[in-house]
Amino acid sequence: MIAAPKRTDIHPKERRMILKHADDPSYDTSVDCYIEHGGYETLKKALTLKPEDVHDHVMKAGIRGRGGAGFPAGMKWKFLDRKSGKPIYLICNADESEPGTFKDRQIMHKDPHQLIEGMMIAAYATNTAKAFIYIREEMPHGAVILEQAIEEARAKGFVGDKIGGSDYSCDIVVHRGAAAYICGEETGLIESLEGKRAYPRIKPPYFPAALGLYMCPTIVNNVETLCHVVHAVSMGGEEYAKIGTPNNSGTRIWSLSGHVQRPGYYELENGKHTYGDLIYEIGGGLKPGRQLLAVIPGGSSSKVWRAGERFKGKDRGGNEYDWAIEDVPLNFDGPMTAGSMSGSGAVIVVDDSVDIVDVLANINAFYAHESCGQCTPCREGSLWMKKITSRMTSGHARPEDVDLLASIGDQIAGRTICAHGEACAWPTQSFVAKFRDKFLERAERQAASGSGDIRLI
Amino acid sequence: MAFEPSQPLRDYTEKVIPRYPQKRSAIMMILHAIQREQGYISLEAQEWVAAQVEIEPIQVREVVTFYPFYREHPVGKKYIRVCRTLSCALNGGYKVCDKFLSEFGTKLNETSPDGRVTVEFAECLAACGTAPVAMIDDDLYENLTEEQVKELCDAIKRDVPEQAPAPSAESTHH
Ligand SMILES: Cc1cc2nc3c(=O)[nH]c(=O)nc-3n(C[C@H](O)[C@H](O)[C@H](O)COP(=O)(O)O)c2cc1C
Ligand code: SF4
Ligand code: FES
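Residues numbered from 1 in each chain as written. Chains lettered and ligands numbered in written order. Predicted model: local features only at pLDDT ≥ 70, side-chain atom pairs only at ≥ 80, totals over all residues. Heavy atoms only, no water.

Caption draft 1: Geometry of the nonpolar core. Judged by nonpolar contacts, the single largest core of 66 residues is most densely connected at Leu115, Ile116, Met119, Ile133 and Ile172 of chain A. Setting aside residues up to four positions removed in sequence, Ile116 of chain A forms contacts with Tyr40, Leu146, Ala149, Ile150, Ala153, Val159 and Ile172 of chain A. By size, the runner-up hydrophobic cluster in this structure holds 48 residues, among which are Ala178 of chain A together with Met29, Ala33 and Trp48 of chain B. (Core = buried A, V, L, I, M, F, W, Y, C linked by side-chain atoms within 4.5 Å. Buried < 20%, exposed > 50% of the residue type's maximum accessible area, 1.4 Å probe, protein only. Contact = heavy atoms within 4.5 Å.)

Below you can see the structure in the form of structure tokens.
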């Protein structure tokens, strides 16, 4: 019933920066507790600097977005259209809706002031007029915790008028979603925050940094990204950049789920570990007697990896690599080099107790449900892919389904307003490419699912 | 039947609208407050919301009908959402759902004959590390087994009196 129970089994390999105190049994969400642990000192420090200098720390730190795309936060802030003279808005994306992801939940429920401090520093650096937290509806306790934390921070002068005794004022408003995944997409989120359907906007021209909330310049950053701002400014951008590996600085919270012995969230230094370390050593490996079938490396929209496959080539530095899944570095660039992405940091492990067609059918049902319906390829394509894979799981698979699925996927990606098009196409495209034999085999067997212990659809 | 907003709802609405640079932005928060109080959002309530934020009722209805969480009809006393998405399904989420349904002798997306519960599937609830999970109203239940589901259902049967099933969809419309 607790919205985010404390973890007692923190793995020795973890390097906890964002979740440093979160699971400490005596740590709570009050402002006093946060201050006792040195909280809001960095905001005070930031207020003594010029906004550009705070921004510079974030640039030098090389903080990359933790929400999905891994875009450098400092660079994003640079794109803000300051010439327009319109107010600037900051939005914290707390929609946490990519299947497999449950890290922002920990931050918001256990250490809300860290997020608030990060937001106020980001707001100061960008001269934000007003800040918002868009939290998904399915975290009602989280919304209450955040509202209360903001109230307490306001009473201490860290949010609201003349923060920390400076001339700068900025308030934070908590806004709740209503169970639509597409509100995680930043322009859909903005429409939703304007009190409309969450129909994503087309880019160009609607880049939030120029034409965002109320057509004003707007920054959208993920919860975890904004927390990293505190640490970058606290230790200084250059020091921060030493954590992790080049171009992959800092730590990252990985959400590990599916068929592993110790699922959970693990904060690790970027690039210092591999997918093998996460799945086998930290996550305890597979259940007894099971074989690995597939790994989904960065949220359910990321392209799947098939057990046993190898990734070979030359990286940008000209170095040759020859990796198994287990060797892929756990950072932003590793999974990209291996043809997929780290996305939201959600690693889903699938063992051989289930059929791969069923797995895709489950994923397709999600994306078909969540299409906003504006673009024909996404709306019709996601539903069509869902119908085909559902039919395949009901004992009516056909050999030609593989190519049909691939062609539908190919006709969605790149032809839609927002990246939900890719998000729904990538699973199908990658599953049929990598498991072609299994899809054909399913057609041969004509087997229906659902008789076994585990049903996926 | 005209919608009569309660005093707390009026107070909340007055407080929440000025938080936003534009009134319309407050719609979702007001709708949440109405649904919490009334259990659903009637067309009359939508007209009232439209008047508060100075837009047309159809613009409110567009919002209500887009977001899965908002509903225009009453549901059971307890609103149960079982996660259907991959990490939960891999860990038995569908079985958990079946157990809720059989305990109350009901079907997915329907209100049980005793009016106590409505069971639905939800998409990933951002708690996949403790799969399978379900929400009962505001509360999240993790690492669910069939035995635990049975206990939760027994508790609901004990604590929630039987009620007339929710009126059908038609009766809440004009
Ligand atoms: C379909 C879709 C869903 C998304 N869902 C989320 C989400 O739940 N949370 C999130 O932070 N970003 C999500 N994103 C990414 C956001 O659009 C945006 O890039 C991100 O919030 C930027 O923050 P960051 O740079 O700090 O990562 C989603 C993107 C797409 C295309
Ligand atoms: S790609 Fe899909 S979700 Fe995105 S705008 Fe188009 S229809 Fe909507
Ligand atoms: S899949 Fe069920 S909570 Fe994420």
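Caption draft 2: Inspection of the interface of chain B and chain A at higher detail. Residue-level contacts link 45 residues of chain B with 65 residues of chain A. Between chain B and chain A lies a buried interface of about 4400 Å² when both sides are counted; carbon and sulfur atoms form 57% of it. Sorting the residues of chain B by area buried against chain A places Phe66, Leu86 and Leu90 of chain B first, and these three jointly supply 15% of that buried surface. Taking the shortest distance from any N to any O, the salt bridge between Glu137 of chain A and Arg81 of chain B comes out at 2.9 Å. Between the two partners, chain B and chain A, sit 24 residue pairs in polar contact (both at pLDDT 80 or more). Of all the secondary structure elements, the ones that give two or more residues to the side of chain B that touches chain A are α2 (27-38), α4 (57-66), α5 (86-90), α6 (93-103) and β4 (139-141) of chain B. The residue makeup of the side of chain B that touches chain A, split by class, is 24 nonpolar, 9 polar and 12 charged. (Buried area = accessible area lost by both parts, 1.4 Å probe. Salt bridge = Lys/Arg side-chain N within 4 Å of Asp/Glu carboxyl O. Polar contact = N/O pair within 3.5 Å; in protein donor to acceptor, adjacent residues only side chain to side chain. Helix = DSSP H or I, 4+ residues; strand = E, 2+ residues; numbered from the N terminus. Nonpolar A, V, L, I, M, F, W, Y, C, P; charged D, E, K, R; others polar.)

Caption draft 3: Just empty space enclosed by the protein, in detail. In total, this model carries 3 cavities of 30 Å³ or more according to the counting rule given. Considered as a void within the structure, the largest cavity measures approximately 60 Å³ in volume. For the largest cavity, the full set of lining residues is Ile182, Pro200, Cys372, Gln374, Cys375, Cys378, Thr416, Ile417, Cys418 and His420 of chain A. When its residues are assigned to classes, the lining of the largest cavity shows 7 nonpolar, 3 polar and no charged. Of the volumes computed, that of the second largest cavity is approximately 40 Å³. What lines the second largest cavity is Ala3, Arg105, His109, Glu138, Met139, Pro140, His141 and Gly142 of chain A together with Met135, Asp138 and Leu140 of chain B. Elements with a minimum of two residues in the lining of the second largest cavity: α5 (104-110) and α7 (140-155) of chain A. Top element by residues in the lining of the second largest cavity is α7 of chain A. It accounts for 3 residues. Partitioned by chemical class, the residues of the lining of the second largest cavity number 5 nonpolar, 3 polar and 3 charged. (1 Å grid on protein atoms, 1.4 Å probe; cavity = no way out; pocket = protein on both sides within 12 Å on 5 of 7 lines; lining within 4 Å. Points joined across faces, edges and corners; volume = space filled by probe spheres on them.)

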